[in-house]
Amino acid sequence: MAVSSWALGSGTEVSQEEVIVGDRVAEPWSRADCIRVLSGWYVGGQPDPAGAKDVLRRVKEGLGWRRGPGILLGGAWPYVFFQEESREFREQPIDPQAQQEIINSIEDVYFSTDSFDIVKYEMEKLPPVLNLQELEEYRDKLKEQQAAVSKKVADLILEKQPAYVKELERVTSLQTGLQLATVICTNGRRHLNIAKEGFTQASLGLLANQRKRQLLVGLLKSLRTIKTLQRTDVRLSEMLEEEDYPGAIQLCLECQQAASTFRHYSCISELDSKLQDTLEQIEEQLDVALSKVCKNFDVGHYTKVQQAYRLLGKTQTAMDQLHMHFTQAIHNTVFQVVLGYVELCAGNTDTKFQKLQYKDLCTHVTTDSYIPCLADLCKALWEVMLSYYRTMEWHEAHDGGDITRATEGSGATGSEESNFDRSYVKKKLEHGLSRIWQDVQLKVKTYLFGTDMSTFKYDDFIFVLDIISRLMQVGEEFCGSKSEVLQESIRKQSINYFKNYHRTRLDELRMFLENETWELCPVKSSFSILQLHEFKFMEQSRSPSVSPSKQPASAANSSAAASLFEQCDRGGGNPFEIQANNKDEETEDVLASNGYESDEPEKSAYQDYDSDSDVPEELKRDFVDEQTGDVPVKSISRETLRSRKKSDYSLNKANAPILTNTTLNVIRLVGKYMQMMSMLKPIAFDVVHFLSQLFDYYLYAVYTFFGRNDSLESTGLGLSSSRLRTTLNRIQESLIDLEVSVDPSGALTGGEERKEKVPSPHLSHLVVLTSGDTLYGLAERVVATESLVFLAEQFEFLQPHLDAVMPAVKKPFLQQFYSQTVSTASELRKPIYWIVAGKAIDYEQTLLTMANVKWDVKEIMSQHNVYVDTLLKEFEQFNQRLAEVSKRVRIPLPVSNILWEHCIRLANRTIVEGYANVKKCSNEGRALMQLDFQQFLMKLEKLTDIRPIPDKEFVETYIKAYYLTENDMERWVKEHREYSSKQLTNLVTVCLGSHINKKARQKLLAAIDDIDRPKR
């Protein structure tokens, strides 16, 4: 702003003024306004040197102006310049660089603090002696500096003009708003004064009552809530009776939360304590409810219990408690079951048994109640394991869904906690499987060892094995366990039982053998050991079945892939239930309706067909085909029945196996032994060892009764092979007690101390082996020998089954038993039937007849000698007696061949022996020998079908040796050592003596002596 006649620093009044802002001229101001504007530099009409210094300093630094008191236009400094001076400044040339140098030349003191006095500073700078020219020059310099500063300030004003205008508008608006606020405040004060005068004490009383009413309504609501809380215990009791544990816990927790809200009431403290006690009571009842799951799992019940524990936040605690309850349930269950049977058998209500330990209690179980108690024990334990199995199924089905809902409805922390709980529960349940099964094994083991089972009947002991076998199957499906504890305990009991049982059976077998009359046991031609009740387990083992009890085929097939637990879920029931049809109701149909037990002719077996009394009921109704088992729809006529009875008898007679009652008994024992072995494989070796002893003893008995004859070995015919002799010696050393003697009363005097061995059996006195009419007991010998062969065949049939259950390290024993013992059964035929062959024909009479023949004839004879007819007559009688015996007992073709072979062989050797007894013999006599032998062979071939005739070459070679020369004879003697020294000597001395010299004869006799020496 420039003012006329105004100079910087002068105090001349202003008569006319105008405001210049930049290049724009404002409206004329009054003197008062100008004074107010200039108050930034002048205070009270006096110049303000401090203000001037600040302006100069800011101009030099390129800054704006400072604020000071007395600001007129919103605090923005007005920049006032005198018009004349401004005009003078504008006329000067503008050189920014020069202008800046001028500003820089201003002393720094001018830009110091506000207390700096410029006038005083300049006055003090004046020299003592003033020089006008210097003063004017100095003044011009100051003016020049002032002009430069003014120019710089003008430039800055022009630069800041838009901001100034905008700020001016804001100030104007603010002024308007302040004026409006002033009016509002004025009106408000006026209305407050009116209200103050209008309000009375009654109005304030109404407001106080309203506030009081509101407080009382809140109090009433709180009292009603407290009343509801006081009555909560009744509802909680009802919910607990209904077993609504989640609802009861939810209600109790809500009440506790509500009680904490009204804790400031004195009555609530007692209620809070009562709710806490109620919650603890609920937890106790919840624990009781959890324990019920162990014996009878219910999905709805267990779901409520788990929800309740989840509300309490004690899922892990619930799982720990559950396992503790399962352990306790196993102990309580087995104790109560055994205690019930013990008290029942004791016959009184004495409570002393309740104080016993479980181990001691098991020793009081009687033999009669042992099996029912074991069955009930396993049934109860099955229920516990089934509950645990269903508990795991419940968690597998529900935990996944709960985790998903928890993840969707809560944050990451809740999800992690739920996952941790789920993982804990899963691991706990998986670990509990083996723990529960171990407890079950220990309880059953204690029960098994509580009673000595060595005196049990076989069927009872097999039933025990069956139950334990099923229990081990349950354990394998329950947790994959091999049940080592159960296996070891039942193995010990089985070995103990089996040793006693086997010893008893061996004694029974000896008794059977000593009382056996070796009569034929009539069985059907289609007889198989699998038809026997003892071997039914082999057929059942081929199809999947829980137990040896019968099951429908469809049920067995459908349950092939299902475990016992899955079958139970489908309504299969308890696998340890003792059913009435547990035993096989089928009767054995192995005996022939018309057997050979009668000594009458064949027709006696099927005579008197007009009577139906001997016809089985099944044949009266329908004929059942033995091959297919099909039953015709129509019944069969009487004539057809008769013809079939005849044909059946003939068929049986031709093909039925030969065995005795003792053989059948041994086969049944084998079936029982194998049944026990199949149920308990760890004792397989012991069972096979005992099985071998049964066969060994039977073989030894047959040999002792019918085959032992020391004279047989002296024949040198090799009737007993080295393998057979080794087997018999082994049996005699390992099994036969030869030191046992029998006193007149029949009591054993030394056998009790030798339990590992059995006394040698003695043939029944009813069996006669000395009668020639019966071919010296040929029928009995055939039955005994062929029954042994049949028994060996059954052992061969069972070998794969025995090998399958035999431990690998023990299989060599089984192989040795079959190769050295079973296979030698058929070799007993030779020594046994040799005895019959040796007595059936009178060979001594033949030798006597041959001794009366003259062999030194001079002409060739055309008629054979009488001894040939005598010997052939003996063979005809033998054939007739053999036919008579075959009417009683079917004589198999191998037996018939062996008998004929033995008889022919003995006859031929008798002939050679007769020829060796000749004192004199001519060439014609040797021709007669050939004629006799050829006649014998021709007639013999009509009696037997054996081809070639045994030992035919033995006789022919001996006869032909008569024609050998000296040199050939020596070689022949050395090559044919099958002849005795007597026979060879006679050949040299009698037959060859006529055409060899004495020296040659002595040489041949020496050669014969050398051959015979090793035999001696």
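This one's a predicted model, so the numbers in the text were calculated from it and none came from an experiment.

**Some thoughts on the overall build of the protein**
Okay, so step 1: Scanning the protein from N- to C-terminus turns up 37 helices and 8 strands.
Okay, so step 2: Going through the 1016 residues of the protein one by one, you find that 43% of them count as buried.
Okay, so step 3: Counted over contacts in the protein with a minimum sequence separation of 6, partners at least 24 positions apart contribute 77%.

**Considerations on the environment of Val-782**
Okay, so step 1: Following the sequence through the fold, Val-782 ends up in helix 27 (residues 778–805).
Okay, so step 2: Residues Val-782 and Arg-829, spaced 47 residues apart in sequence, show a C-alpha to C-alpha distance of 8.7 Å.
Okay, so step 3: With sequence-adjacent residues up to four places away left out, Val-782 is seen in contact with Ile-658, Ser-787, Tyr-833, Val-889, Arg-890, Pro-892 and Val-895.

**Re the confidence of the model for the protein**
Okay, so step 1: Here the protein shows a mean pLDDT of 75. Residues at 70 or above account for 71%.
Okay, so step 2: With pLDDT under 50 throughout, residues 579–585 is counted as low confidence; its partners more than four residues away or in other chains account for 6 contacts.
Okay, so step 3: Long-range and interchain partners of residues 595–652, a stretch whose pLDDT sits below 50, account for 65 contacts in this model, where long-range means more than four residues apart.

**As for unusual backbone geometry**
The bulk of non-glycine residues show a negative phi, and the bulk of peptide bonds are trans.
Okay, so step 1: Residue Pro-948 is reached from Arg-947 by a cis peptide bond, and omega for that bond is -10 degrees.
Okay, so step 2: Checked against the element boundaries, Pro-948 lands in the loop between helix 33 (923–943) and helix 34 (952–960).
Okay, so step 3: Phi at Trp-518 is positive, roughly 60 degrees, even though this residue is not glycine.
Okay, so step 4: Note that Trp-518 resides in the loop between helix 17 (484–515) and helix 18 (536–540).
Okay, so step 5: The backbone of Tyr-776 shows a phi angle near 60 degrees, a positive value even though the residue is not glycine.
Okay, so step 6: You can see Tyr-776 is positioned in the loop between strand 8 (758–759) and helix 27.
Okay, so step 7: For Tyr-776, a relative accessible area of 17% translates into the label buried.

**Digging into helix 28 (residues 811–820)**
Okay, so step 1: Along helix 28, the positions that sit buried rather than exposed are Leu-814, Phe-817 and Tyr-818. Buried residues of helix 28, viewed axially, fall in a sector of 90 degrees; they line one side.
Okay, so step 2: The inward-facing, buried residues of helix 28 contact helix 24 (684–707) and helix 27.

**Thoughts on the packing of helix 24 against helix 27**
Okay, so step 1: Packing of helix 24 against helix 27 leaves a shortest axis separation of 11 Å and a crossing angle of 165 degrees. The orientation of helix 24 with respect to helix 27, classified from their angle, is roughly antiparallel. Seen along the crossing, helix 24 lies across helix 27 with a hand that is left-handed. On the side of helix 24, the interface is formed by Ala-684, Val-688, Leu-691, Phe-695, Tyr-698, Leu-699, Val-702 and Phe-706, while helix 27 contributes Glu-780, Arg-781, Ala-784, Thr-785, Ser-787, Leu-788, Leu-791, Ala-792, Phe-795, Leu-802 and Val-805.
Okay, so step 2: When the residues that make up the contact of helix 24 with helix 27 are grouped by side-chain class, the tally is 15 nonpolar, 2 polar and 2 charged.

**Some words on the side chain of Ser-764**
Okay, so step 1: By the secondary structure assignment, Ser-764 is in the loop between strand 8 and helix 27.
Okay, so step 2: By relative accessible area, Ser-764 is classed as buried at 7%.
Okay, so step 3: Not counting residues within four places of it along the chain, the set of residues in contact with Ser-764 comprises Glu-514, Asn-515 and Glu-516.

**Here we look at a nonpolar patch on the surface**
Okay, so step 1: A cluster of nonpolar residues, Leu-180, Val-183 and Ile-184, forms a patch on the protein surface that exposes about 290 Å² of accessible area.
Okay, so step 2: Examined against the element boundaries, Val-183 turns out to sit in helix 6 (residues 132–198).
Okay, so step 3: We classify Val-183 as partly exposed; its relative accessible area is 44%.

**Observations concerning the packing of helix 17 against helix 24**
How two helices pack is summed up by the angle between their axes together with the distance between the axes.
Okay, so step 1: Close contact between helix 17 and helix 24 brings their axes to 11 Å; oriented N to C, the two are set at 15 degrees. On the basis of the axis angle, helix 17 is roughly parallel to helix 24. Note that helix 17 runs across helix 24; the crossing there is right-handed. In this structure, helix 17 uses Ile-495, Phe-498, Lys-499, His-502, Leu-506, Leu-509, Arg-510 and Leu-513 to contact helix 24, whose residues at the interface are Asp-686, Val-687, Phe-690, Gln-693, Leu-694, Tyr-697, Tyr-698, Ala-701 and Phe-705.
Okay, so step 2: Residue composition of the contact of helix 17 with helix 24, grouped by class: 12 nonpolar, 2 polar and 3 charged.

**Digging into the environment of Phe-936**
Okay, so step 1: Along the polypeptide, Phe-936 turns up in helix 33.
Okay, so step 2: Note: C-alpha distance between Phe-936 and Tyr-867 (69 residues apart in sequence) is 9.6 Å.
Okay, so step 3: Phe-936 has contacts with Val-868, Leu-871, Leu-872, Phe-875, Ala-907, Asn-908 and Ile-911, leaving out every residue within four places of it along the chain.

**Overview of the pattern of salt bridges**
Okay, so step 1: In the structure shown here, the tally under the stated rule is 27 salt bridges.
Okay, so step 2: Taking the shortest distance from any N to any O, the salt bridge between Glu-519 and Arg-888 comes out at 3.6 Å. Here Arg-888 lies in helix 31 (residues 866–888) and Glu-519 lies in the loop between helix 17 and helix 18, a separation of 369 residues in the sequence.
Okay, so step 3: For Arg-971, the salt bridge is made with Asp-968, and the minimal N-O distance between the two is 3.1 Å. With Arg-971 and Asp-968 both in helix 35 (residues 966–975) and 3 residues apart, the pair spans about one turn of that helix.
Okay, so step 4: Residue Arg-971 is classed as partly exposed on the basis of its relative accessible area, which comes to 45%.
Okay, so step 5: Residue classification places Asp-968 among the partly exposed residues on the basis of a relative accessible area of 28%.
Okay, so step 6: Here the residues in one salt-bridge network are Glu-901, Arg-905, Arg-909 and Asp-951, joined through shared partners.

Conventions and cut-offs
Residues numbered from 1 in each chain as written. Predicted model: local features only at pLDDT ≥ 70, side-chain atom pairs only at ≥ 80, totals over all residues. Heavy atoms only, no water. Helix = DSSP H or I, 4+ residues; strand = E, 2+ residues; numbered from the N terminus. Buried < 20%, exposed > 50% of the residue type's maximum accessible area, 1.4 Å probe, protein only. Contact = heavy atoms within 4.5 Å. pLDDT = per-residue confidence, 0-100. Arc of directions from axis to C-beta. Axes fitted to C-alpha atoms, helices over the stretch in contact; angles between N-to-C directions. Parallel < 35°, antiparallel > 145°, perpendicular 65-115°, else oblique. Left-handed = near helix turned anticlockwise from the far one by under 90°. Nonpolar A, V, L, I, M, F, W, Y, C, P; charged D, E, K, R; others polar. Patch = residues over 30% accessible without salt bridge, like charges linked within 9 Å, V, L, I, M, F, W, Y side chains within 5 Å. Areas by Shrake-Rupley, 256 points an atom, 1.4 Å probe, with all protein chains shown as cover. Salt bridge = Lys/Arg side-chain N within 4 Å of Asp/Glu carboxyl O.

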